[in-house]
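Here are the chains, one letter per residue:
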Amino acid sequence: MARSKMWALAGAASALALVLTACSSPSGTPAPGGGGEKIKIGIKFDQPGLGVQEGNTFTGFDVEVAKYVAKEMGYAENQIEFVEAKSPQRETMIQADQVKLIFATYSITDARKEKVSFAGPYFIAGQDLLVRTDDTSITGPDSLAGKKVCSVAGSTPAQNIKKEQPNLDLVEYDAYSLCVSALESGGVDAVTTDNVILAGYASQPQYTGKFKVVGKPFTTERYGVGLKKGDTATCTKVNEALTKMVSSGAWAKALDDTAGKSGFKPDDRNPPALEACS
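Treat the numbers as computed from the prediction; the structure is a model and nothing was measured.

A. Representation of the nonpolar core. Among the nonpolar cores identified, the biggest contains 54 residues, and Ile-41, Phe-61, Phe-103, Tyr-122, Phe-123 and Val-196 are the most heavily contacted of them. For this core, the leading source of residues is helix 3 (residues 61-72), giving 7 residues. In contact with Val-196, other than residues within four places in its own chain, are Leu-50, Phe-123, Ala-125, Tyr-223, Ala-259 and Phe-264. Of all hydrophobic cores here, the second largest spans 10 residues; its members include Ala-85, Ala-104, Ile-108 and Phe-118.

This is the structure in structure tokens:
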């Protein structure tokens, strides 16, 4: 073989080695996120203690769980793009590939399983009522007849409360923050959603002393990670990450550092057992 051809082959081999090195971490495994691409994750932007956007910063329990899972899947934090996932839009966002995963107080239900799949659950809450502190007339769903009750359109709580008390006046917005504002102004008599969400709103500085959570949960809400229907490979990766988060103590710390600051205490169903991916 001519010397010039040998040098050309050697140069090509060196270039290939450099490319392979650039695409790998020092350990020789693929770089995080499979080469630097971003992962889009849906969260709530207006739920204190769970998912809140403040400028370019995102905080809350759902956010911390999402970041932990993404890291275990190979994504660095700067590769995560958080997208607002309002309750009525969550299934559509997954189906249209607008997001890869959704961590947004997303209750696992049979109806939703017809459209999307779920990993988890990673938390269990219960639906409750938020009322003004001086209101003694509302003690649970059975005392809501004739009352104006606010929830979010397309949410499980909106459906549940009508089953519990068909004689109430249901007011629906697209965000719980709007419901809480209406409660403050006297536009509605109560807000209903999960107890952990309500505790977060009641603990906000601008609402200190104005609201109380009734404290009689009447449902079981299993928060799952929404993903593409039938994507068992991703579901399995998420469940493996959630298992590690719980066993390492990171799950409990994340809850204490976020939703726990409102004084909310999870019941003994938490952390929940994971469901098999399907």
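B. Expanded view of the sheet that holds strand 3 (residues 51-54). Ordered by their spatial adjacency, 3 strands build an open sheet running 2-3-4, and the pairing between neighbours is antiparallel. The sheet is open, and its two edges are formed by strand 2 (46-47) and strand 4 (57-59), each paired on a single side. Sheet topology note: the strand 2/strand 3 ladder contains 2 bridges and is antiparallel. Residue pairing for strand 3: Asp-46 is matched across the bridge by Val-52.

C. Inspection of helix 10 (residues 250-257) at higher detail. Along helix 10, the residues that are buried comprise Trp-251, Ala-254 and Leu-255. Seen end-on, helix 10 carries its buried residues on one side only, within an arc spanning 100°. For helix 10, exposure combined with an orientation more than 90 degrees from the buried face picks out Lys-253 and Asp-256. Structurally, helix 10 contributes buried residues whose contacts are with helix 3, strand 7 (117-125) and helix 9 (232-248).

D. Molecular detail of the sheet that holds strand 12 (residues 211-213). Here we have 5 strands laid out as an open sheet, ordered 10-9-11-8-12, and mixed in their pairing. Two strands bound the open sheet, and with one partner strand each, they are strand 10 (169-173) and strand 12. Within this sheet the neighbouring strands show an average axis-to-axis angle of 30°, counted without direction. Packing against the sheet, helix 7 (residues 176-185) makes contact with strand 8 (127-132), strand 9 (148-152), strand 10, strand 11 (190-194) and strand 12, and its axis sits at approximately 150° to strand 11. Its contacts with the sheet place helix 8 (residues 195-202) against strand 8, strand 11 and strand 12, and it is angled at close to 130° to strand 11.

E. Region of interest: the side chain of Lys-67. Within the secondary structure, Lys-67 sits in helix 3. Of the polar contacts made by the side chain of Lys-67, one reaches the side chain of Glu-64; its length is 3.2 Å. Leaving out residues up to four positions away in the same chain, Lys-67 has contacts with Glu-77, Ile-80 and Phe-82.

F. Structural context of the side chain of Asn-195. Here Asn-195 lies in helix 8. In this structure, Asn-195 is in contact with Ala-125, Gly-126, Asp-128, Pro-217 and Phe-264, ignoring residues within four places of it in sequence.

G. Layout of the pattern of salt bridges. On inspection of all chains with the given rule, the structure shows 13 salt bridges. Between Lys-67 and Glu-64 there is a salt bridge whose closest N-O contact spans 3.2 Å. Note that Lys-67 and Glu-64 are positioned in helix 3 at a spacing of 3 residues, about one turn of the helix. What makes Glu-64 partly exposed here is its relative accessible area of 28%. With a shortest N-O distance of 2.6 Å, Asp-257 and Lys-253 are connected by a salt bridge. One end of the pair is Asp-257 and the other is Lys-253, both in helix 10 and 4 residues apart, which spans about a single turn. On the basis of relative accessibility, which here comes to 53%, the residue Lys-253 falls in the exposed class.

So, how was this worked out
- Residues numbered from 1 in each chain as written.
- Predicted model: local features only at pLDDT ≥ 70, side-chain atom pairs only at ≥ 80, totals over all residues.
- Heavy atoms only, no water.
- Core = buried A, V, L, I, M, F, W, Y, C linked by side-chain atoms within 4.5 Å.
- Buried < 20%, exposed > 50% of the residue type's maximum accessible area, 1.4 Å probe, protein only.
- Helix = DSSP H or I, 4+ residues; strand = E, 2+ residues; numbered from the N terminus.
- Contact = heavy atoms within 4.5 Å.
- Pairing = 2+ DSSP bridges.
- Arc of directions from axis to C-beta.
- Axes fitted to C-alpha atoms, helices over the stretch in contact; angles between N-to-C directions.
- Polar contact = N/O pair within 3.5 Å; in protein donor to acceptor, adjacent residues only side chain to side chain.
- Salt bridge = Lys/Arg side-chain N within 4 Å of Asp/Glu carboxyl O.

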